[in-house]
Amino acid sequence: MKKIIVISFLSVLTFGLSISKAYAEANSNSKPVNYTIVLDLSDRVLNDDQLQKDFNLIRKLFQEFETKARRGLILTSKDRFAVKIIPQKGSPLDIASFEDKLQLNLDEVPVQNKNKKMEEFVTSFEKVLDRLEKQSLIGKDSNDFFGVDIWAYLNDNADSFSKSGYRNLVLIATDGYFDFENRSHVMRTGNRYTSTQFMAELTDYDWKEKAEAKDYGLIPIKLKADIEWVISGISSKDDQDILQNKKIIYIWEKWLRESGANKYHFILNNSSSQMASKLLAVL
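Residues numbered from 1 in each chain as written. Predicted model: local features only at pLDDT ≥ 70, side-chain atom pairs only at ≥ 80, totals over all residues. Heavy atoms only, no water.

(A) Summary view of the overall build of the chain. Counting its regular elements, the chain contains 8 helices and 9 strands. Expressed as a percentage of the 283 residues in the chain, the buried residues total 45%. Taking the intrachain contacts of the chain between residues at least 6 apart in sequence as the baseline, contacts between residues at least 24 apart amount to 77%. In the structure as shown, the chain presents an accessible area of about 15400 Å², 51% of it carried by carbon and sulfur atoms. (Helix = DSSP H or I, 4+ residues; strand = E, 2+ residues; numbered from the N terminus. Buried < 20%, exposed > 50% of the residue type's maximum accessible area, 1.4 Å probe, protein only. Contact = heavy atoms within 4.5 Å. Areas by Shrake-Rupley, 256 points an atom, 1.4 Å probe, with all protein chains shown as cover.)

(B) Fine view of a negative patch on the surface. Together, Asp204, Asp206, Glu209 and Glu212 make up a negatively charged patch on the protein surface. Looking at where glutamate 212 falls in the secondary structure, it is placed in helix H6 (residues 207-213). On the basis of relative accessible area, glutamate 212 is assigned to the partly exposed category, the value being 47%. (Patch = residues over 30% accessible without salt bridge, like charges linked within 9 Å, V, L, I, M, F, W, Y side chains within 5 Å. Salt bridge = Lys/Arg side-chain N within 4 Å of Asp/Glu carboxyl O. Lys, Arg positive; Asp, Glu negative; His and termini not counted. Charge placed at Lys NZ, Arg CZ, Asp CG, Glu CD.)

(C) Spotlight on the sheet that holds strand E5 (residues 188-189). Taken together, the 3 strands give an open sheet; going across it, the order is E5-E6-E7, and neighbouring strands pair in mixed fashion. Of all strands in the sheet, those with a lone pairing partner are E5 and strand E7 (217-218), marking the two edges. The pairing of strand E6 (residues 192-193) with E7 spans 2 bridges and is parallel. Looking across to E7, one finds that tyrosine 193 is bridged to leucine 218. (Pairing = 2+ DSSP bridges.)

(D) Structural context of helix H2 (residues 50-71). In this model H2 runs 32 Å from its N-terminal to its C-terminal C-alpha over 22 residues, within 8% of the 32 Å that 1.5 Å per residue would give. Looking one or two residues beyond H2, the residue adopting positive phi is leucine 73, at roughly 70°. (Expected span 1.5 Å × (residues − 1).)

(E) Region of interest: the pairing of strand E2 (residues 80-85). Counting buried positions over the 6 residues of E2 gives 6, a clear majority of the element. Alternating residues of E2 divide into Arg80, Ala82 and Lys84 and Phe81, Val83 and Ile85, and every residue in both groups is buried. Taken together, strand E1 (residues 33-39), H2 and E2 constitute a β-α-β crossover, and its handedness is right-handed. When E2 meets strand E3 (residues 103-105), the two strands line up antiparallel, connected through 3 bridges. Looking across to E3, one finds that arginine 80 is bridged to asparagine 105. (Right-handed = clockwise from strand over helix to strand, strands pointing away.)

(F) View of the nonpolar core. Ile37, Leu39, Ile58, Phe65, Phe81, Phe125 and Leu132 are the most contacted members of the largest nonpolar core, which totals 39 residues. Where this core is concerned, the elements lending two or more residues are E1, H2, E2, helix H4 (114-136), strand E4 (167-173) and helix H8 (272-282). Here this core gets 8 residues from one element, more than from any other, and that element is H2. Filtering out sequence-adjacent residues up to four positions away, phenylalanine 65 remains in contact with Val33, Tyr35, Asp79, Arg80, Phe81, Leu104, Leu106 and Met118. One finds Ala158, Phe161, Tyr216 and Tyr250 within the second-largest nonpolar core, a separate group that totals 38 residues. (Core = buried A, V, L, I, M, F, W, Y, C linked by side-chain atoms within 4.5 Å.)

(G) View of the pattern of salt bridges. In the structure shown here, the tally under the stated rule is 16 salt bridges. The salt bridge partner of glutamate 66 is arginine 70, with a shortest N-O separation of 3.0 Å. With glutamate 66 and arginine 70 both in helix H2, this residue pair falls 4 residues apart, about one helical turn. Residue glutamate 66 is classed as buried on the basis of its relative accessible area of 18%. Here glutamate 258 and arginine 192 are joined by a salt bridge, their closest N and O atoms 2.7 Å apart.

(H) Representation of the sheet that holds E1 in the model. The strand order E3-E2-E1-E4-E8-E9 describes an open sheet built from 6 strands, whose pairing is mixed. Two strands bound the open sheet, and with one partner strand each, they are E3 and strand E9 (263-268). Shown here is a sheet whose adjacent strand axes are inclined to one another by a mean of 20°, direction ignored. Sheet topology places E4 next to strand E8 (residues 227-234); 6 bridges connect them, and they run parallel. Paired with isoleucine 172 across the two strands is isoleucine 231, which belongs to E8. Helix-sheet contacts for H4 involve E1, E2 and E3, and the interaxial angle to E3 is about 155°. (Axes fitted to C-alpha atoms, helices over the stretch in contact; angles between N-to-C directions.)

(I) Spotlight on the confidence of the model for the chain. Counting all residues, the mean pLDDT for the chain is 89, and 88% of those residues have values of 70 or more. Low pLDDT, under 50, characterises residues 1-28; the predicted model gives this stretch 0 contacts beyond four residues in sequence or across chains. (pLDDT = per-residue confidence, 0-100.)

(J) Here's a closer look at helix H5 (residues 150-157). Among all positions in H5, only Ile150, Trp151, Tyr153 and Leu154 are buried. Each buried residue of H5 lies within a common arc of 165° when the element is viewed along its axis, so the set occupies one face. Sitting at the amino-terminal end of H5 is aspartate 149, which places a side-chain oxygen 3.4 Å from the backbone nitrogen of tryptophan 151. (Arc of directions from axis to C-beta. Polar contact = N/O pair within 3.5 Å; in protein donor to acceptor, adjacent residues only side chain to side chain.)

Rendered as structure tokens:
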């Protein structure tokens, strides 16, 4: 009899834990989403099919946003979506105009207008995105582009990518380098920088041991822990270094962790379909 009671108790306990887990997962999935794409439109866009890959990921993330909003009934949806562009000196791109047209915050739209606003946004989205893709290629040579300062941009803007009570996900389309043509622009403290110029010191097979021993890395900033980061398009600029991608991921991971991030993913520059598959796995 005692054995039967114990088994029954364990069964009830297991069932209770299963219910609790299911409730927790359902509660997590019920959070509104706040999706932000940050575009690095420096000379990396000269790489073969790079813009097509980046913009394919934007479309995939937007499709997920739209599906989520419609599944939860647009009238009650509080989901948010935005495309941001890291500015670069000398670019003729009208960043403010594109960012305004590629942003939709359903939590700020009155209930009676949500359906109409969503339909208008869906209708215009592809046209605006096409224009941005065409205008992002501002030249045919790397000298036509200025480097973007990812460190400064995130230091100034990362807080705006977080909204309390949301699943905050930020996708950064970049090759992973923190480069800037004007070295006087770079800050340094010890072996920590606001650029990845120190990678030139990590050329041997034991690069990781050297990086840890001499504490090479990026200067940490303050990032909110509720933001999930996806760094997409990581691509080596050094064909002679087969470990370059590993180095870039190591540097990013160290920087994100030290800056307060808890969750991050890395997508290597690959075929468009493979990159999209990796992104969907994260979502």
